[in-house]
Protein chains: 2
Amino acid sequence: MTEPRYDVIAIGNAVVDVIASCEDELIEELGLNRGGMTLIDAEGATTLYAAMGQAREISGGSAANTLAGASMLGLQCAFVGQVCDDQLGEVFTHDMRATGIDFDTPPLPKGSAPTGRCLIFVTPDGERTMNTFLGAGQSLPAEALDEELIASGAILYLEGYLWDPEEPRKAMRRAIDVAKKAGRKVAFTASESFVIDRHGDDFRSMIEDGVIDILFVNESELATLTGEPDFDTGLAAVAGKVPVLVATRSAKGAVCVTGGTRYEVAAEPIDKVVDTTGAGDQFAAGFLSGHARGEPIDVCLKRGAIAAAEVIAHYGPRPEADMKALMAEKLG
Amino acid sequence: MTEPRYDVIAIGNAVVDVIASCEDELIEELGLNRGGMTLIDAEGATTLYAAMGQAREISGGSAANTLAGASMLGLQCAFVGQVCDDQLGEVFTHDMRATGIDFDTPPLPKGSAPTGRCLIFVTPDGERTMNTFLGAGQSLPAEALDEELIASGAILYLEGYLWDPEEPRKAMRRAIDVAKKAGRKVAFTASESFVIDRHGDDFRSMIEDGVIDILFVNESELATLTGEPDFDTGLAAVAGKVPVLVATRSAKGAVCVTGGTRYEVAAEPIDKVVDTTGAGDQFAAGFLSGHARGEPIDVCLKRGAIAAAEVIAHYGPRPEADMKALMAEKLG
């Protein structure tokens with residue numbers, strides 16, 4: 001087993017977030033899935049965009065956000081994801097590279113499905129309601145996978161959202177095989193209950209087979225995955241099968257179970273929740289930034305809580321602060 | 001003279017701002033014009049973008065920003081500006097319409113010069129350094145001007161930046177003629193000293209000829225325009241020739257001279273300057289929101305100061321707050 005070149009290699013959706021604040025009434029009027037993520041088609045994207053207030057565009061994508069955060073925290077990272085050769089693709093690519101991430105998946109040619117976007121409505125309580133048009137992201141081909149690259153990362157980080165479309169799922173399965181053969185760890189984020197509704201059997205068998213080394217879930221995903229509405233029961237059902245299980249609980253903080261021990265961290269206090277987009281993604285980034293360097297689990301959890309608190313205090317799913325300095329200050 | 005359909009019709013650059021924070025050193029390394037606006041070509045845009053950190057994209061353009069603010073403050077507004085039929089053009093168009101502005105200038109066809117963008121580097125003191133690739137904006141043709149539209153606005157608001165490229169200048173000259181014949185007011189924002197360096201003679205003769213009814217300048221623009229380094233001397237040199245002269249002075253507030261009387265307003269106190277982009281634009285928006293309704297000049301100035309304070313407290317050149325509510329609260 002050669003020394004890995006990267007700390008984390010992620011495969012995920014390559015989307016640009018389109019973020020507008022809105023009143024609670026608009027969520028109802030438009031019949032949106034409040035607080036959730038819904039897949040929409042090109043037509044749906046056009047209709048919803050027209051109903052949206054003035055917006056800001058910020059690169060997003062769950063695993064891409066985590067990777068941006070991890071990179072800003074000093075990890076060596078590479079990303080695999082599908083954009084189109086269009087202006088939003090250029091924006092996404094720029095922002096990945098600007099945080100020091102290697103991102104070389106060839107874009108689809110102009111005129112193909114456009115780069116994906118996620119229309120995010122943020123209500124006054126800071127809750128985000130996401131509507132994703134995957135666009136080019138759906139066509140990430142398994143053949144385009146650079147196996148040498150995948151084998152060169154200590155951790156392969158996969159996004160549940162991308163398990164839904166068929167082509168990228170194949171690519172991710174192949175990446176898992178490559179990573180496992182190279183003796184690497186596989187980290188997985190469940191992303192959203194609807195993904196587990198559709199692909200829970202896949203996830204459960206990967207867990208049973210010991211494929212997943214690090215699993216990130218939130219409370220409702222854990223409940224959907226295990227069929228156990230009680231958090232602790234759900235946790236117990238998975239804990240023994242995944243070496244590192246991380247469950248985030250919004251304002252209640254987060255839990256990690258590893259080696260039979262349960263660790264907890266409180267949520268980091270903040271003045272005002274502006275936009276919860278990216279909270280889970282940045283928790284994962286913070287956690288991984290410690291875990292990849294072998295730090296104790298309680299420190300990894302604290303790093304996660306600090307990173308999550310930073311991102312929900314402003315619009316957009318990626319850190320704006322100097323994250324290394326913030327960590328140094330908060331961890332003391 | 002028929003009743004105007006719009007309070008303000010603006011002609012300006014249609015650009016999307018690309019905003020990234022950066023350290024002071026980067027401004028020096030890249031040899032940028034700190035605090036100013038510099039025109040760049042497509043190649044320059046590519047080079048600078050590559051040197052820029054992760055960014056957010058927010059619709060911009062000086063007059064377009066002012067119009068967005070004015071519309072959010074309740075004025076009926078229409079915009080004339082040139083985008084391309086590309087993704088950034090779609091973003092710009094959406095954001096104008098989302099604030100209630102009529103914007104129907106036909107986009108250039110796909111494959112033409114792309115929609116303009118302004119690369120903005122924001123240093124830790126909140127100062128913005130702008131680098132604009134005008135793209136499609138340079139080709140706003142005089143022939144595309146809807147004269148009926150121009151004649152239907154109580155105030156025609158023009159952006160100095162757009163005086164620089166030849167085609168839009170012709171369009172603006174024609175719009176001025178149309179507006180004047182229809183008995184409308186012409187408002188002009190000087191935009192930037194370099195524009196006055198290049199086109200000062202045009203501006204001075206328009207002022208001498210009584211074409212400009214409302215003029216917005218900042219301190220350095222006033223000095224360049226008049227050749228008088230002393231603020232009060234400069235003000236006196238223009239005051240008699242422009243019915244409403246508004247001079248903004250950053251932290252020192254603003255002055256308006258009209259009907260031989262000088263009015264002043266202090267800058268509105270704020271906690272922290274995040275990004276000064278749009279300060280002048282929103283001052284103009286606030287001022288116009290009062291002036292278009294015939295409010296007293298001291299109230300118009302106060303409105304300007306409130307709107308400017310809102311925009312410099314966050315990233316991006318357009319208001320994020322509920323501006324009507326903010327005005328109601330601050331004006332009491």
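Structure first, text after, so check above.
Chemist: Explanation requested: the overall build of chain A in the structure shown.
Modeler: Looking only at helices and strands, chain A has 12 helices and 14 strands in total. Computed over C-alpha atoms, the radius of gyration of chain A comes to 18 Å, within 12% of the 20 Å expected from 2.2 N^0.38 for 332 residues, which places it in the range of a compact globule. A principal-axis box enclosing the C-alpha atoms of chain A has dimensions of 50 × 45 × 40 Å. Of all 332 residues assigned to chain A, the portion counted as buried reaches 54%. Pairs at least 24 residues apart make up 76% of the contacts formed inside chain A by residues separated by at least 6 positions.

Chemist: Looking at this model, I keep getting lost on the sheet that holds strand S5 (residues 77–80) of chain B. Mind explaining?
Modeler: Strand-to-strand pairing in sheets goes through backbone hydrogen bonds, with the strands running parallel or antiparallel. Residue and element names in this part refer to chain B. What the nine strands build is an open sheet, ordered S6-S5-S1-S9-S10-S11-S12-S13-S14; its pairing is mixed. The outermost strands of the open sheet, each flanked by one partner alone, are strand S6 (102–103) and strand S14 (261–265). Taken strand by strand, helix H8 (residues 219–226) contacts strand S11 (214–218) and strand S12 (244–248), and its axis lies near 110 degrees from that of S11. Seen against the sheet, helix H11 (residues 297–312) touches strand S13 (254–258) and S14 and runs at an angle of roughly 30 degrees to S14.

Chemist: For this particular structure, what's the right way to read the packing of helix H10 (residues 279–291) of chain B against H11(B)?
Modeler: The axes of two packed helices give the description: the angle between them and the distance between them. Residues and elements named next belong to chain B. Running from N to C, H10 and H11 cross one another at 145 degrees; their axes reach a closest spacing of 7 Å. As for how H10 packs across H11, the hand of that crossing is right-handed. For the pair formed by H10 and H11, the contact residues are Ala279, Gln282, Phe283, Ala285, Gly286, Phe287, Ser289, Gly290 and His291 on the first element and Val299, Cys300, Leu301, Arg303, Gly304, Ile306, Ala307, Ala308, Glu310, Val311 and Ile312 on the second. In the contact of H10 with H11, the residues fall into 12 nonpolar, six polar and two charged.

Chemist: When you look at the environment of Val15(A) in this model, what are you seeing that I'm missing?
Modeler: All names here are of chain A. Assignment of secondary structure puts Val15 in strand S2 (residues 15–21). Counting along the chain gives 110 residues from Val15 to Asp125, while the straight-line C-alpha distance between them is 24 Å. When sequence neighbours within four positions are dropped, the list of residues in contact with Val15 reads Gly60, Gly61, Gly116, Arg117, Cys118, Thr132 and Gly137.

Chemist: Teacher, can you tell me more about helix H11 (residues 297–312) of chain A here?
Modeler: Because an α-helix completes one turn every 3.6 residues, residues spaced three or four positions apart along the sequence face the same direction. Between its first and last C-alpha, H11(A) extends 23 Å over 16 residues, near the 22 Å set by a 1.5 Å rise per residue. Counting buried positions along H11(A) yields 14 of 16 residues, so the element is predominantly enclosed.

Chemist: How do you make sense of the pairing of strand S10 (residues 185–189) of chain A when you look at a structure like this?
Modeler: Across a regular strand the side chains alternate sides, sitting on one face of the sheet and then on the other. Residue and element names in this part refer to chain A. Most of S10 is tucked away, with five of its five residues classed as buried. In S10, alternate side chains face the same way, and those of Lys185, Ala187 and Thr189 on one face and Val186 and Phe188 on the other are all buried. For strand S9 (residues 153–159) and S10, the ladder comprises five bridges, and the chain directions are parallel. By the bridge assignment for S10, Glu159 is matched with Thr189.

Chemist: Would you mind showing me how to read the interface of chain A and chain B here?
Modeler: One widely used convention gives an interface's size as the accessible area the parts lose upon coming together. Each side of the interface is counted separately: chain A has 20 residues, and chain B has 20 residues. Residue assignment for the side of chain A that touches chain B shows that the elements contributing at least two residues are strand S4 (56–59) and helix H4 (87–98) of chain A. Looking at which element gives the most residues to the side of chain A that touches chain B, the answer is H4(A), with six residues. Here three bridges tie S4(A) to strand S4 (residues 56–59) of chain B, and the two strands are oriented antiparallel to one another. Following the sheet pairing, Ile58(A) is matched in S4(B) by Arg56(B).

Chemist: How should the relation of the copies chain A and chain B be read in this particular structure?
Modeler: Think of it as a corkscrew move, a rotation about one axis and a shift along it, taking one chain copy to the other. For the match of chain A to chain B, the screw axis carries a shift of 0.0 Å, the RMSD comes to 0.0 Å, and the turn is 180 degrees. Overall, the copies show the geometry of a two-fold rotation axis. Measuring from the rotation axis to each C-alpha of chain A, the shortest distance belongs to Glu57(A), at 2.4 Å. A shared binding surface is used by both copies, with 100% of the interface residues of chain A retained as interface residues in chain B.

Chemist: Would you mind showing me how to read the environment of Glu329(A) here?
Modeler: Here Glu329(A) is to be found in helix H12 (residues 323–331). Separated by 226 residues in the primary sequence, Glu329(A) and Phe103(A) place their C-alpha atoms 30 Å from one another.

What counts and what doesn't
Within any chain, residue numbers begin from 1 and follow the written order of that chain's sequence. Following the order in which they are written, the chains are lettered starting with A and the ligands numbered starting with 1. Where local features are concerned, this predicted model is filtered to residues with pLDDT of at least 70; where side-chain atom pairs are given and counted, the filter is 80 or more; whole-chain, interface and lining totals use all residues. In DSSP terms, a helix is any run of H or I states spanning at least four residues, a strand is any run of E spanning at least two, and both are numbered starting from the N terminus. All radius of gyration figures rest on C-alpha atoms, and the globule criterion is 2.2 Å times the number of residues raised to 0.38. Counting other C-beta atoms within 10 Å of its own, a residue is labelled buried from 20 upward, exposed at 12 or fewer, and partly exposed in the gap between, with every C-beta atom placed from the backbone. Each residue gets a C-beta atom placed from its backbone, and two residues are in contact if those atoms lie within 7 Å. We call two strands paired when DSSP finds no fewer than two bridges between them. The angle between two axes is taken between their N-to-C directions and runs from 0 to 180 degrees, where each axis is a line fitted to C-alpha atoms and a helix contributes only its stretch in contact. Helix crossings are classified by the rotation of the near helix relative to the far one: an anticlockwise turn of less than a right angle makes the crossing left-handed, while a clockwise turn makes it right-handed. In this classification, the charged set is Asp, Glu, Lys and Arg, the nonpolar set is Ala, Val, Leu, Ile, Met, Phe, Trp, Tyr, Cys and Pro, and all remaining amino acids, among them Gly, are polar. By this rule, a helix spans an expected 1.5 Å times one less than how many residues it contains. For the least-squares superposition of copies, only C-alpha atoms count, and only for residues with pLDDT at least 70 in both.

Don't take any of this as a statement about function, it's just geometry.
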